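An overview of the molecular structure
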Protein chains: 2
Amino acid sequence: MNHIDRLKEYVREIRELEAAAALAHWDQRTYMPPRGLEARVRVVGRLERLAFERLVSPKLDRLLKEAEAGLDVGSELDRALVRYWRREHDRKKAIPPDLYQKFVETCSRAEAIWEQAKLRSDFAMFAPHLGEVVELVRKLAELLGYEEHPYDALLEEYEPGMRASRLKEVIEPLRAELVPLLQRLEEGSPPPARPVGPFPIPAQRALARKALELIGYDYSAGRLDDSVHPFTIGLGPGDVRVTNRYSEVDPFSGLFAALHEGGHALYDQGLPPELAWTGLDSGASFGVHESQSRLWENQIGRSLPFWQFFHRHLVEHLPAFEGTGPEEVWRTACEVRPSPVRVEADEVTYNLHIALRFELELELIEGRLSVERLPERWNQAMESYLGIVPPDDARGVLQDVHWSGGMFGYFPSYMLGNLYAAQLMAAAQRAIPDLWDKVASGDMRPLLSWLREEVHARGRIYPPEELIRKVTGEGLSPKPFLDYVKVKYEEVYRL
Amino acid sequence: MNHIDRLKEYVREIRELEAAAALAHWDQRTYMPPRGLEARVRVVGRLERLAFERLVSPKLDRLLKEAEAGLDVGSELDRALVRYWRREHDRKKAIPPDLYQKFVETCSRAEAIWEQAKLRSDFAMFAPHLGEVVELVRKLAELLGYEEHPYDALLEEYEPGMRASRLKEVIEPLRAELVPLLQRLEEGSPPPARPVGPFPIPAQRALARKALELIGYDYSAGRLDDSVHPFTIGLGPGDVRVTNRYSEVDPFSGLFAALHEGGHALYDQGLPPELAWTGLDSGASFGVHESQSRLWENQIGRSLPFWQFFHRHLVEHLPAFEGTGPEEVWRTACEVRPSPVRVEADEVTYNLHIALRFELELELIEGRLSVERLPERWNQAMESYLGIVPPDDARGVLQDVHWSGGMFGYFPSYMLGNLYAAQLMAAAQRAIPDLWDKVASGDMRPLLSWLREEVHARGRIYPPEELIRKVTGEGLSPKPFLDYVKVKYEEVYRL
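Residues numbered from 1 in each chain as written. Chains lettered and ligands numbered in written order. Predicted model: local features only at pLDDT ≥ 70, side-chain atom pairs only at ≥ 80, totals over all residues. Heavy atoms only, no water.

Moving on to the overall build of chain A. Counting secondary structure elements, chain A contains 20 helices and three strands. The C-alpha radius of gyration of chain A comes to 22 Å, within 12% of the 23 Å expected for a compact globule of 495 residues. For chain A, the spread of C-alpha atoms along the principal axes amounts to about 65 × 50 × 45 Å. Partitioning the contacts of chain A with sequence separation of at least 6, the portion at a separation of at least 24 is 74%. Element-wise, carbon and sulfur atoms account for 50% of the exposed surface of chain A, whose accessible area totals about 19,500 Å². (Helix = DSSP H or I, 4+ residues; strand = E, 2+ residues; numbered from the N terminus. Rg over C-alpha atoms; globule rule 2.2 N^0.38 Å. Contact = heavy atoms within 4.5 Å. Areas by Shrake-Rupley, 256 points an atom, 1.4 Å probe, with all protein chains shown as cover.)

Below you can see the structure in the form of structure tokens.
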């Protein structure tokens, strides 16, 4: 066995432990009985600790050194493999496994408290737990290390190579153009109101199933189940599962969530078998992963050609839409309305929600903002970005799970996903001249094949921005997104 | 931390890995998409190997030695804990982890081939795989060690302390009395035929749900799902799941399978929290576990008082039973008819199916019978025990999964379960004078409370026969079962 094979065999164990933990997570959010929680937290904690110990162990360092020594004769894939694990090992080896476990357990507890606090809209109940999480995250950032800013150490987990300074450069033009666009749309003619529900959940479930089938999701290698928050999770090659939730009053909510998760799932289902269990069998970054979900949800799902095809399925499953036309439904699905809640945000305001969170995360990580002052600061920022104040903390500072789970540095992935999606879609339209005709006829295969070849098949071989540059010819840029969103929404609002 | 606590902390990791593997097994048999199999086999193999390595490691030996040294001041529970792990460690330490993994993988493959072979009734396709399994099992028996017979080494896994010689002593009177009883029943008046189906599966599912609720199964700490073969699995405290299957033509099949699995589940749900993750949080043996399933399935589910209560639920869910009475349904559910298939066997013939398998297993393990000659030998034994010859190998030698999974020594547990169930039920009737009145009024709590206290609460603290002796006043005996079955079936057949 050569050095690369030995390395592969070693990391395979880490990946298999992670797959076992992923199944435990999926089950916890779908079918686990309520009294199973305590045991589950322990089992997941154990699996994650075992994987972490293997990642930071001197044995991996030795295997990497041996592999690095012979790398000049290695393939591009071998080099990517070594680069990935070297980065992961070096970043995390400074974290003592006990501290890591404490972090995992603190977040586990904080998340359970957050759920209660959100239900009761009671920030005070959550504050001490969030305080602990922030302290640990700040400590982890120091141990992980960074060049410019401690936030960069956190970003690295989700978007390798990204920097806070770079994000600021991207956010500036977004804010500068989106806020005026939002005001301009107020002058336009708003989309028609959607039919009045209730829309039966079983019919919505069938519609979501249909939508996933349409975009190419393979049910023989996955499932669609219900959960409180939609998510996609890979449990190993051949098993990529989607969950979704539905609203009786808003039929678009479940449908677009399904397309969103379906985009994530297509990425994971498209990872090449030869990358299985290597660690490269994953999206290039959270941002690139999000580009796939946003692309199918917004660029496709909220396009007129999509509705020219899909309208018949909508009417078939939800007869309340009888008498509407494709263009009408498309415009309705593209309604822009500042809302306090991120997951309900439209394409124009979504990035502003992210900019706000990024700003507040920076302040927390720098220590300039105390957890106690966070709700006040949240509401103030919400007014400045979106001109609204949340009616309560449940729909304000408590709305997202991320902070309770210690996921500082995650939110920018959503924004990067929006920007990458627009860049990729612009490139796809250049590569496939009849793309929109195909979409309008319900044929998503040309687009999916292109994404498979250009993005999915490359797994985590390239750093995210390098991948985007390879595919689109340029690195991260807000311009394609701004061009797209301005043209589209001026059309929706008939300006 | 004292030595016992250190030992507990160590074995907890083994138990948590086993819980993760149990979830993977459950998911594989309920919700896993077909293409997920290959990844799943690897993940389960990894988890089982990690648990096995920890079991046979010198570190456990050292921890056990330290705990053993201070055991004279320990509690009964401490002694049971040390005894259990010492036995497990000493038995298995002679097995190299590579051989164990080879065994697990060979069985995994053989089980997949068996499924195909059974579908096609093609023994030749399965034979080479079974041959490999038998060879490995014989090798394992030698490594595990034994005093009298290599089969004892295998039995020890399922029924600590049991011997092949002892089983022979028990089987002799069973065969001597059951074969004549079977002939006698042919002279009696057979139970009325059941109504003609089809019986809708959703209604049967609801009826099974009701039956589990009735006997005391706690859905907040478990679930009922569909699977090809019914099973019960514990994923840790607070999470004990049941699966079931239903036949459109036979409404009793799914109902009694549910009561059977429910009996297993009540045992696991009744394990005391203080035993959680210690290894004593399990049934005393497979035989004792089976006593709980057979008790609820047969002693209760196939009793007249049960039907005096449950008949109304049967009629409510399956209206084809309108016009029948409780006694009629009871007799129908107790029909005796030699069948080639074990899982369809009645109480009178069931143990004969086991005696046959035990006889053939002995011949295979001793090397007196070759895998190639097995189908011929099976049919010959079936004729001698039950007077019938299976119509094909699917309903003959290929019917059970156990051998493909390497589970030689498992089948006797079913027979022991039948015998223990009768012994326990005789004791329960002595302890609870109005037991049958309660059952007839749908109140299963007195019986469940008695089982909880006498059996469930003791987990794996005592060796199985010691437990049975504690509860019933005597060790393993076929007499209570023979007394029960003769009286009952002469009544059913009006002799």
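Okay, the confidence of the model for chain A next. One rule of thumb: low pLDDT means the predicted coordinates there are not for detailed reading. A residue-level look at chain A finds 100% of positions with pLDDT of 70 or above and a mean pLDDT of 96. Interface confidence in the predicted complex, given as ipTM, is 0.94; pTM for the same model is 0.95. (pLDDT = per-residue confidence, 0-100.)

Interface extent is often summarised as the accessible area lost during association of the parts. Taken residue by residue, the interface counts 38 residues in chain B and 38 residues in chain A. Ranking the residues of chain B by area buried against chain A places Tyr31(B), Arg35(B) and Arg46(B) at the top, with a combined share of 19%. Between chain B and chain A we count 10 salt bridges in total. Glu16(B) is the salt-bridge partner of Arg46(A), the closest N and O atoms lying 2.5 Å from each other. Connecting chain B to chain A are 12 residue pairs in polar contact (both at pLDDT 80 or more). Here the side of chain B that touches chain A gets 11 residues from one element, more than from any other, and that element is helix H1 (residues 3-30) of chain B. Among the residues forming the side of chain B that touches chain A, the class breakdown is 19 nonpolar, five polar and 14 charged. (Buried area = accessible area lost by both parts, 1.4 Å probe. Salt bridge = Lys/Arg side-chain N within 4 Å of Asp/Glu carboxyl O. Polar contact = N/O pair within 3.5 Å; in protein donor to acceptor, adjacent residues only side chain to side chain. Nonpolar A, V, L, I, M, F, W, Y, C, P; charged D, E, K, R; others polar.)

With that settled, consider helix H11 (residues 286-300) of chain A. Residue and element names in this part refer to chain A. Helix length check: H11 (15 residues) gives 20 Å between terminal C-alpha atoms against 21 Å at 1.5 Å per residue, within 8%. Along H11, the sharpest change in direction is near 35° and occurs at Arg294. With 14 of 15 residues buried, H11 lies mostly within the body of the structure. Sitting at the head of H11, Ser285 places a side-chain oxygen 3.2 Å from the backbone nitrogen of Gly287. (Expected span 1.5 Å × (residues − 1). Bend = angle between axes of the 7 residues up to and from the residue. Buried < 20%, exposed > 50% of the residue type's maximum accessible area, 1.4 Å probe, protein only.)

Attention shifts here to the sheet that holds strand S1 (residues 224-226) of chain A. All names here are of chain A. Taken together, the three strands give an open sheet; going across it, the order is S1-S3-S2, and neighbouring strands pair in mixed fashion. Here the strands that pair on one side only, and so sit at the sheet edges, are S1 and strand S2 (231-234). Sheet twist, expressed as the mean angle between neighbouring strand axes with direction ignored, is 25°. Both S1 and strand S3 (residues 240-244) contribute to a ladder of three bridges, which runs parallel. (Pairing = 2+ DSSP bridges. Axes fitted to C-alpha atoms, helices over the stretch in contact; angles between N-to-C directions.)

A separate point is unusual backbone geometry. With an omega of 0°, the peptide bond running from Gly197(A) to Pro198(A) counts as cis. In this structure, Arg494(A) is a non-glycine residue whose phi angle is positive, near 50°. Here Arg494(A) is to be found in the segment after helix H20 (479-492). The backbone of Ser121(B) sits at a positive phi, close to 50°, despite the residue not being glycine. Considering the arrangement of structural elements, one finds Ser121(B) in the loop between helix H5 (97-120) and helix H6 (123-144). A relative accessible area of 25% places Ser121(B) in the partly exposed class.

All names here are of chain A. Position of Trp450 relative to the elements: it lies in helix H18 (residues 445-454). On the basis of relative accessible area, Trp450 is assigned to the buried category, the value being 12%. Counting along the chain gives 19 residues from Trp450 to Ala431, while the straight-line C-alpha distance between them is 8.3 Å. Aside from chain neighbours lying at most four places away, what touches Trp450 is Leu424, Ala427, Ala428, Ala431, Ile432, Val455 and Val471.

Here we take up the relation of the copies chain B and chain A. Here chain B sits on chain A after a turn of 180° about the axis and a move of 0.0 Å along it, with an RMSD of 0.0 Å. In the structure described here, the two chain copies are related by an operation that fits a two-fold rotation axis. Of every C-alpha in chain B, the one belonging to Ala20(B) sits nearest the axis of rotation, 3.4 Å from it. (Least-squares fit on C-alpha atoms with pLDDT ≥ 70 in both.)

A word on the sheet that holds strand S3 (residues 240-244) of chain B. Residues and elements named next belong to chain B. The mixed open sheet is built from three strands, whose spatial order is S1-S3-S2. If you trace the sheet from one side to the other, it starts and ends with strand S1 (224-226) and strand S2 (231-234), each paired once. Across the sheet, the axes of successive neighbouring strands diverge by a mean angle of 25°, strand direction being ignored. The strands that helix H9 (residues 201-215) touches are S1 and S3; relative to S1, the one it contacts most, it runs at about 150°.

Pairs may arise between side chains of opposite charge once their charged atoms sit close together. Residue and element names in this part refer to chain A. In the structure shown here, the tally under the stated rule is 94 salt bridges over all chains. With a shortest N-O distance of 2.6 Å, Arg184 and Glu490 are connected by a salt bridge. Placement of the pair is Arg184 in helix H8 (residues 164-185) and Glu490 in helix H20, with a sequence separation of 306 residues. You can call Glu490 partly exposed: its relative accessible area is 24%.

Before going further, it helps to examine the pairing of S2(A). Residues and elements named next belong to chain A. The side-chain alternation of S2 yields one buried face, formed by Phe231 and Ile233, and one unburied face, formed by Thr232 and Gly234. Sheet analysis places S2 next to S3, joined by four bridges and oriented antiparallel. Across the sheet, Thr232 pairs through a bridge with Val242, a residue of S3. What sits between the antiparallel neighbours S2 and S3 is a turn of five residues, in which Gly236 has the positive phi angle 120°.

Turning to the nonpolar core, a few remarks are in order. Trp296(A), Trp307(A), Phe408(A), Trp296(B), Trp307(B) and Phe408(B) are the most contacted members of the largest nonpolar core, which has 327 residues in total. When near neighbours in sequence (up to four residues on either side) are disregarded, Trp307(B) contacts Phe252(B), Leu255(B), Phe256(B), Gly301(B), Arg302(B), Leu314(B), Pro326(B), Val329(B), Trp330(B) and Ala333(B). (Core = buried A, V, L, I, M, F, W, Y, C linked by side-chain atoms within 4.5 Å.)

Before going further, it helps to examine the pairing of S3(B). It is a general feature of regular strands that their side chains alternate between the two faces of the sheet. Most of S3(B) is tucked away, with five of its five residues classed as buried. Taking every second residue as pointing to the same face, both faces of S3(B) are buried, with Val240(B), Val242(B) and Asn244(B) on one and Arg241(B) and Thr243(B) on the other.

Before going further, it helps to examine the packing of H9(B) against helix H10 (residues 251-269) of chain B. Residues and elements named next belong to chain B. For the pair H9 and H10, interaxial distance at closest approach is 9 Å and the crossing angle is 35°. Crossing handedness for the pair H9 and H10: right-handed. For the pair formed by H9 and H10, the contact residues are Gln204, Leu207, Ala208, Ala211, Leu212 and Ile215 on the first element and Pro251, Leu255, Ala258, Leu259, Gly262, Gly263 and Leu266 on the second. Tallied by class, the residues present in the contact of H9 with H10 amount to 10 nonpolar, three polar and no charged. (Left-handed = near helix turned anticlockwise from the far one by under 90°.)

Moving on, we get to the packing of helix H16 (residues 412-431) of chain B against helix H19 (residues 464-472) of chain B. Residue and element names in this part refer to chain B. Interhelical geometry of H16 versus H19 gives an angle of 25° and a closest axis separation of 9 Å. On the basis of their axis angle, the class for H16 and H19 is roughly parallel. H16 and H19 meet at a crossing whose hand is left-handed. For the pair H16 and H19, contact is made by Tyr420, Gln423, Leu424, Ala427 and Arg430 and by Pro464, Glu465, Ile468, Val471 and Thr472, respectively. (Parallel < 35°, antiparallel > 145°, perpendicular 65-115°, else oblique.)

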